Amino acid sequence: IHVDETRLLAATNGGLVTPHKNIHLHGVLRLSDPDEEDFSGGWFVERVHSARLKLHASCGTMSFLIAAAPQDYVLGVQNGSIAGTEGITFHAGDGSHDTDMDITSTLANLNLQLGRLYYHSGGCREQNITISAELDDLGNFGASMDEMGNYGHPHPIVVRNQMHFQVAEY
């Protein structure tokens, strides 16, 4: 999980936002293969695997795009999302003003959704805000290497990262 500090500072006006604002965090969080191993060919490149992403805001809420239209999904069902047609499953939250979100999809689809991520400061005042992200590859990406350099069976890998900024008094 990569946090682009330059984009975070640009989106949050230098790290300080005001109450009751919608902050577009486009490009701030980016996901990649959790163990960053190079699978340069064969079966791994040809398969599409799911991963599970958990997001938590210490104060305020998060949304994938501010949708004015009715939402076209059912909690826990993979039918698209509130922001597009990419297959995504919500396990917690629904993608609209959530403190916590727990979602499953492919890395590509999760990154598309993160490009639509908004933070809503709401009534938070004089708060240090932390948005925590946890990515679980569900055992799809991790592979152990034996002493001969051969990759073995996949094992689960979970990575975490955080972004920080402040909400002003006014």
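About the criteria used
- Residues numbered from 1 in each chain as written.
- Predicted model: local features only at pLDDT ≥ 70, side-chain atom pairs only at ≥ 80, totals over all residues.
- Heavy atoms only, no water.
- Helix = DSSP H or I, 4+ residues; strand = E, 2+ residues; numbered from the N terminus.
- Core = buried A, V, L, I, M, F, W, Y, C linked by side-chain atoms within 4.5 Å.
- Buried < 20%, exposed > 50% of the residue type's maximum accessible area, 1.4 Å probe, protein only.
- Contact = heavy atoms within 4.5 Å.
- Pairing = 2+ DSSP bridges.
- Axes fitted to C-alpha atoms, helices over the stretch in contact; angles between N-to-C directions.
- Phe/Tyr/Trp six-rings, centres within 6.5 Å; stacked < 30°, edge-to-face > 60°.
- Salt bridge = Lys/Arg side-chain N within 4 Å of Asp/Glu carboxyl O.
- Disulfide = S-S within 2.5 Å.
- Polar contact = N/O pair within 3.5 Å; in protein donor to acceptor, adjacent residues only side chain to side chain.

A.B. asks: For unusual backbone geometry, give the residues involved together with the corresponding values.
C.D. replies: Despite not being glycine, N13 shows a phi value in the positive range, around 55°. When you line up the elements, N13 lands in the loop between α1 (5-11) and β2 (16-17). Phi at H20 takes a positive value of approximately 60°, unusual for a residue other than glycine. Locating H20 in the fold gives a position in the loop between β2 and β3 (22-24).

A.B. asks: Explain the nonpolar core residue by residue, including any values.
C.D. replies: Core analysis: the biggest nonpolar cluster contains 33 residues, and L25, L29, L55, L117, Y119, I131 and M163 have the highest contact counts within it. Among the secondary structure elements, those contributing two or more residues to this core are β5 (50-57), β6 (61-64), β8 (100-106), α3 (107-114), β9 (117-120), β10 (127-136) and β13 (158-167). Residue contacts for I131: discarding those within four places in its chain leaves L25, H56, A57, M62, Y119, N161, Q162, M163 and F165.

A.B. asks: Tell me about the sheet that holds strand β7 (residues 89-92), and please be specific about residues and values.
C.D. replies: What the six strands build is an open sheet, ordered β2-β13-β10-β5-β8-β7; its pairing is mixed. Sheet topology places β2 and β7 at the edges, where each strand pairs with a single neighbour. Across the sheet, α3 touches β5, β8 and β10, and the angle it forms with β8 is around 135°.

A.B. asks: Mind laying out the packing of aromatic side chains, listing which residues take part and the relevant values?
C.D. replies: Counting across every chain of the model gives one aromatic pair. With a centroid separation of 5.1 Å and an interplanar angle of 80°, the aromatic rings of Y119 and F165 are classed as edge-to-face. Of this pair, Y119 sits in strand β9 while F165 sits in strand β13; the two residues are 46 residues apart in sequence, bridging distant segments of the chain.

A.B. asks: Which residues make up the pattern of salt bridges, and what values do they have?
C.D. replies: Taken as a whole and judged by the stated rule, the model has three salt bridges. A salt bridge links R7 to D4; the shortest N-O distance between them is 3.8 Å.

A.B. asks: Kindly report on the state of the cysteines, identifying the contributing residues and their values.
C.D. replies: Counting across every chain of the model gives one disulfide. A sulfur-sulfur distance of 1.9 Å marks the disulfide that ties C59 to C124. Given an S-S torsion of about -105°, the disulfide between C59 and C124 has left-handed geometry. Highlighted residues: C59 in the loop between β5 and β6 and C124 in the loop between β9 and β10, separated in sequence by 65 residues. Residues C59 and C124 agree in their burial class; the two are buried.

A.B. asks: Residue-level account of the sheet that holds β6, with values.
C.D. replies: Spatially, three strands are ordered β3-β9-β6 in an open sheet, and the strand pairing comes out antiparallel. Looking along the sheet, the strands with just one partner apiece sit at the ends: β3 and β6. On average, each strand axis in the sheet is inclined to that of its neighbour by 30°, with strand direction left out of account. As judged from the three bridges shared by β3 and β9, these two strands associate in the antiparallel manner. Following the sheet pairing, N22 is matched in β9 by H120.

A.B. asks: Describe the side chain of T12, listing the residues and the values that go with them.
C.D. replies: Checked against the element boundaries, T12 lands in the loop between α1 and β2. Within polar-contact distance, the side chain of T12 engages the backbone nitrogen of G15 at 3.0 Å. What T12 contacts, discounting residues up to four positions off in sequence, is V17, I23 and F165.

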